[in-house]
Structures are given as structure tokens and as C-alpha cells.
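# Summary of the model geometry
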Amino acid sequence: MYLDEQLQILINEAPQHGVPIPVMEKAVAPTLKFFASQLQHEKYYVLHGTNRSWLVTTLSNRRNPKEEKRVIYAFSTKKDAQTFQGIINPEIRIISVPVTHLLFQLFSIESIDSLIFREVPGDKQQQIEIARAKLQNIIQQQLRRLKLKPPKTNTIPPNFA
């Protein structure tokens, strides 16, 4: 599925989740496309628990262990998701999610700080981090520029993918 097709699905479904179509078309979708076009894949694999919530990893700063952030890893292959930190748990499911949908969820879930995209299969060093704050700031700038009312970020359910 191409980025424009992914975005059209999000635009069509946005009113069901409290986001006006003009806001999606003119501010959110262009921002999502900007970030998605910097990534190598059109879909990624993420880990889900039994309650359909994403598997969240808390990372600590090595220099300041009290400084933490909550991230979701997105993998370029199902195999990389399966072998992530040696996880073998029948309660954890691996699902494929279009990249724009992942970014849209990042925008809407306040408890997550970043998405970390593992770009190259088998390579744990090649990754790109996209921070929710950065994504939200760019969307807010777009909205101010266009003088549109921002959507409520907590109205979108976490299983929207």
C-alpha cells in the first residue's frame, strides 16, 4: 500500500475518531507523509500484548538513569520482531501496520515518547527514532499556519491501526 493510499484511509476514518477531515488533509496527513517518506518501508511489524496494546519498552539514559522514555519498536521484518530481545511469548502477537498509521498513533498516544524504526533486517544499529513531541510540534505549526483548530490527541484509540 502506497503512502497516499494509507493517508487516504486515515483521512476517511478521521471523523470517527474526532479529527475533522480538513485538519487531517491540511495538517496531519502532510506531516505524516513527511516523516513516513524518510523511512525505508511502507509497513512495519510491532509487538502487541493480549489486550491489543502495543508492547512498550522503557529506556533509561545511561548518564542519568532517572531520565526515562517510553518507546515502541517497529521492525522492518516479522523475523526481527520475533527475535527482539529474545522474546518468545505466546501471548505476544506480531502485527503488520502501515507506517502512516503507526505515526498517526504516535501522534495520539500521550504515554509514548517515541517510535523507533528498525530499518535494516538483522541490524540493531540501523534505526530511526521519531519523537511524539516533534511530530506534534510540526502538526501544531501546520495548524497555526492554516489557522485550523487542533484535534484532541487523546480521542484516538490505541488500536486504530
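Shown above is the structure to which this text applies.
This write-up is about the structure you can find in this document. This is a predicted model, so every value here is computed, not measured.

### Some thoughts on the packing of aromatic side chains
- With the rule as written, the count across this model stands at six aromatic pairs.
- The interplanar angle of 80 degrees and the centroid separation of 5.3 Å between the aromatic rings of Phe34 and Phe35 together place this pair among those described as edge-to-face.
- Taking the relative accessible area as the measure of exposure, Phe34 reaches 43% and is therefore partly exposed.
- For the ring pair Tyr73 and Phe75, a centre distance of 6.2 Å and an interplane angle of 25 degrees mean the geometry is stacked.
- Cluster of aromatic residues (ring-pair linked, three or more members): Tyr73, Phe75 and Phe84.

### Overview of the packing of helix 4 (residues 99–108) against helix 5 (residues 132–146)
- One way to put it is that helix 4 packs onto helix 5 with a least axis distance of 9 Å and a crossing angle of 90 degrees. Relative to helix 5, helix 4 is oriented roughly perpendicular. Here helix 4 contributes Leu103, Leu106 and Phe107 to the contact with helix 5, which in turn contributes Arg132, Leu135, Gln136 and Ile139.
- Grouping the amino acids of the contact of helix 4 with helix 5 by side-chain chemistry returns five nonpolar, one polar and one charged.

### As for the environment of Leu106
- Residue placement: Leu106 occurs in helix 4.
- A residue is classified by how much of its surface remains accessible, and Leu106, at 1% relative accessible area, is buried.
- Along the primary structure Leu106 and Leu135 are separated by 29 residues, whereas in three dimensions their C-alpha atoms are 8.2 Å apart.
- Those residues within four positions of Leu106 in sequence are excluded, and the remaining contacts are Ile112, Asp113, Ser114, Leu115, Ile130, Ala131, Arg132 and Leu135.

### Remarks on helix 1 (residues 3–13)
- Looking only at helix 1, the buried set comprises Leu3, Gln6, Leu7, Leu10 and Ile11. Buried positions in helix 1, seen along its axis, are confined to an arc of 140 degrees and lie on one side of it.
- For helix 1, the elements touching its buried residues are helix 2 (21–36), strand 4 (93–98) and helix 4.

### A short note on the nonpolar core
- Grouped together as the largest cluster of nonpolar side chains are 36 residues, with contacts concentrated most on Leu102, Leu103 and Phe117.
- For this core, the leading source of residues is helix 2, giving eight residues.
- In contact with Leu102, not counting residues within four places along its chain, are Tyr44, Val46, Trp54, Ala74, Val97, Leu115 and Phe117.
- Grouped together as the second largest cluster of nonpolar side chains are eight residues, Leu47, Val71, Tyr73 and Ala81 included.

### Quick word on the side chain of Thr100
- Along the polypeptide, Thr100 turns up in helix 4.
- For Thr100, a relative accessible area of 0% corresponds to the buried category.
- Polar side-chain contacts of Thr100 include one of 3.3 Å to the side chain of His101.
- For Thr100, the residues in contact, after removing those within four places along its chain, are Leu3, Gln6, Leu7, Leu10, Leu32 and Ala36.

### Thoughts on the pattern of salt bridges
- Scanning all chains against the criterion turns up two salt bridges.
- Note that Lys33 is salt-bridged to Asp4, the shortest N-O span being 2.7 Å. Placement of Lys33 in helix 2 and of Asp4 in helix 1 is noted, with a sequence separation of 29 residues between them.
- In this structure, the salt-bridge partner of Lys69 is Glu129, at a minimum N-O distance of 2.7 Å.

Here is what the cut-offs are and how they apply
Residues numbered from 1 in each chain as written. Predicted model: local features only at pLDDT ≥ 70, side-chain atom pairs only at ≥ 80, totals over all residues. Heavy atoms only, no water. Phe/Tyr/Trp six-rings, centres within 6.5 Å; stacked < 30°, edge-to-face > 60°. Buried < 20%, exposed > 50% of the residue type's maximum accessible area, 1.4 Å probe, protein only. Axes fitted to C-alpha atoms, helices over the stretch in contact; angles between N-to-C directions. Helix = DSSP H or I, 4+ residues; strand = E, 2+ residues; numbered from the N terminus. Parallel < 35°, antiparallel > 145°, perpendicular 65-115°, else oblique. Contact = heavy atoms within 4.5 Å. Nonpolar A, V, L, I, M, F, W, Y, C, P; charged D, E, K, R; others polar. Arc of directions from axis to C-beta. Core = buried A, V, L, I, M, F, W, Y, C linked by side-chain atoms within 4.5 Å. Polar contact = N/O pair within 3.5 Å; in protein donor to acceptor, adjacent residues only side chain to side chain. Salt bridge = Lys/Arg side-chain N within 4 Å of Asp/Glu carboxyl O.

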